[in-house]
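In case you want the letters, here they are:
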Amino acid sequence: MKHEPISILLLGESDVGKTHYGAQVLRRLNSGSSAFELVNGGNLNPFKVALDKISQGLSAPHTPRAESSESLWTLRQRSNGSNIELVWPDYGGEQVSGMINSKSLPSTWRDKLIKAAGWIFMVRPSQVPLPEDILTRAVSLPAVDDPVNSTLSPQSKLIEILQMLKYKKQSYLEHKGMPPPIVVLLSCYDELATDESPSIYCRAHLPMFDQYLSSNWPEERRRIFGVSPLGQPLSQTQPNDDYVASGPVKKGFVIDEQGNKTGDLLAPIEWLLSVSDMC
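About the cut-offs
Residues numbered from 1 in each chain as written. Predicted model: local features only at pLDDT ≥ 70, side-chain atom pairs only at ≥ 80, totals over all residues. Heavy atoms only, no water. pLDDT = per-residue confidence, 0-100. Helix = DSSP H or I, 4+ residues; strand = E, 2+ residues; numbered from the N terminus. Contact = heavy atoms within 4.5 Å. Buried < 20%, exposed > 50% of the residue type's maximum accessible area, 1.4 Å probe, protein only. Pairing = 2+ DSSP bridges. Arc of directions from axis to C-beta. Core = buried A, V, L, I, M, F, W, Y, C linked by side-chain atoms within 4.5 Å. Phe/Tyr/Trp six-rings, centres within 6.5 Å; stacked < 30°, edge-to-face > 60°. Polar contact = N/O pair within 3.5 Å; in protein donor to acceptor, adjacent residues only side chain to side chain.

Below, the discussion takes up the confidence of the model for the protein chain. The share of residues in the protein chain with pLDDT of 70 or more is 82%, and the mean pLDDT across the chain is 82. When mean pLDDT is compared element by element in the protein chain, strand β7 (residues 222-228) scores highest at 97, while helix α3 (residues 94-102) scores lowest at 71. Here residues 133-142 is modelled with pLDDT under 50, and outside its nearest four sequence neighbours on either side it reaches 6 contacts, counting other chains as well. Of the regions scoring below 50 in pLDDT, residues 145-150 engages in 1 contact with residues more than four places distant in sequence or in other chains.

Here's what the structure looks like:
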């Protein structure tokens, strides 16, 4: 069965684990431990450094701000033998932060938005703390016109990113259709040390962001997963010999909305592709 290339827009600011996730997904595809296998991979250069570092038990450096590239992966679905071409982007996360600061979208993102059949939005919860308020601490509220306190809160930034992309996609396509299905990946889930499912954690710790998601995407077109591409923290300078000995391909996990844990890092992508086929 032949499919048109399916482009997935991977979103996330710097240091949320986009490159680690892509590298470990590639490792799973090559190992035959997922619902898909890699038939052909074009332009895997963006992930070579990460793959090499992880094989040494090291954490990879983040993608430089100015760097932007795409890899075309031909995947074969094991259940029915059909092929799917997946376009996987890699870019410096500062580009996403820059959209908020400049209030504009780089021209290079136009095609990404138009072609994307689904969005993966990676959020590192430890970088999005709940702000203190008058219910948790006796603090004075800033003046409305105080320029020092005029920056967006962490959750507001996440919402602003999605709102900007939604608006621009609709303007490019000249209609106000429903946004593409979305997977929210709460990354580095191992560092949260929680037994809560990702959906419950998001509702409790990212309440404003969670409300925005439920207000703009119907339940059948959104999912929240927890993901730890590496399974544990790794240093950029001190190799972890135990990690190497046990095998990086066995490391990393995904937790679904019901709290079920799996080593199949492609589970969120599999869900997104299944929904994208119906768009």
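For C188, which is not glycine, the phi torsion reads 50° and is therefore positive. Take C188: it is sitting in the loop between β6 (182-187) and α6 (198-205). Non-glycine residue A193 carries a positive phi angle of around 50°. For A193, a relative accessible area of 74% gives the class exposed.

Take the pairing of strand β1 (residues 6-11) next. For β1, the buried fraction is high: 6 of the 6 residues fall into the buried class. Bridge count between β1 and strand β5 (residues 116-123): 5 bridges; the pairing is parallel. Within the sheet, the bridge partner assigned to L10 lies in β5 and is I120.

Once that is clear, we can look at helix α7 (residues 207-216). Buried within α7 are the following residues: F209, D210, Y212 and L213. The arc enclosing the buried residues of α7, seen along the axis, measures out at 160°, which places them on a common side. Where α7 is buried, its residues meet β5, α5 (154-173), β6, α6 and β7.

With 35 residues, the main nonpolar core has W119, F121, L162, L165, L186 and F209 as its most contacted residues. Counting only elements with at least two residues in this core, the list comes to β1, α3, β5, α5, β6, α6, α7 and β8 (253-255). The dominant element in this core, judged by the number of residues it contributes, is α5, at 7 residues. Every residue in contact with F209, bar those within four places of it in the chain, is listed here: F121, V123, Q155, L158, I159, L162, V184 and C202.

Turning to the packing of aromatic side chains, a few remarks are in order. This structure, assessed with the given rule, holds 5 aromatic pairs. Measuring from centroid to centroid gives 6.3 Å for Y212 and W217, while their planes differ by 70°, and the two rings are edge-to-face. Here Y212 matches W217 in class, with each residue buried. In this structure an aromatic cluster arises from ring pairing among W119, Y212 and W217.

Here the focus is the side chain of S187. Mapped onto the secondary structure, S187 falls in strand β6. Residue S187 is classed as buried on the basis of its relative accessible area of 0%. A distance of 2.7 Å separates a polar side-chain atom of S187 from the backbone oxygen of V16. Not counting residues within four places of it along the chain, the set of residues in contact with S187 comprises V16, M122, V123, R124, P125 and V227.

Moving on: the environment of T74. Relative to the helices and strands, T74 resides in strand β3 (residues 68-77). Sequence separation between T74 and E85 is 11 residues; the distance between their C-alpha atoms is 4.3 Å. Not counting residues up to four positions away in its chain, the partners in contact with T74 are E37, L38, V39, N40, N83, I84 and E85.

With respect to the secondary-structure elements, S59 resides in the loop between α2 (45-55) and β3. If sequence neighbours within four positions are ignored, S59 has contacts with H20, K53, L234, S235 and Q236.

Below, the discussion takes up the environment of L206. Looking at the element boundaries, L206 is found in the loop between α6 and α7. On the basis of relative accessible area, L206 is assigned to the buried category, the value being 1%. Spatially, the C-alpha atoms of L206 and P154 are 9.6 Å apart, while their sequence positions differ by 52 residues. With near-sequence residues (within four places) excluded, L206 lies in contact with V123, V128, Q155, L186 and Y201.

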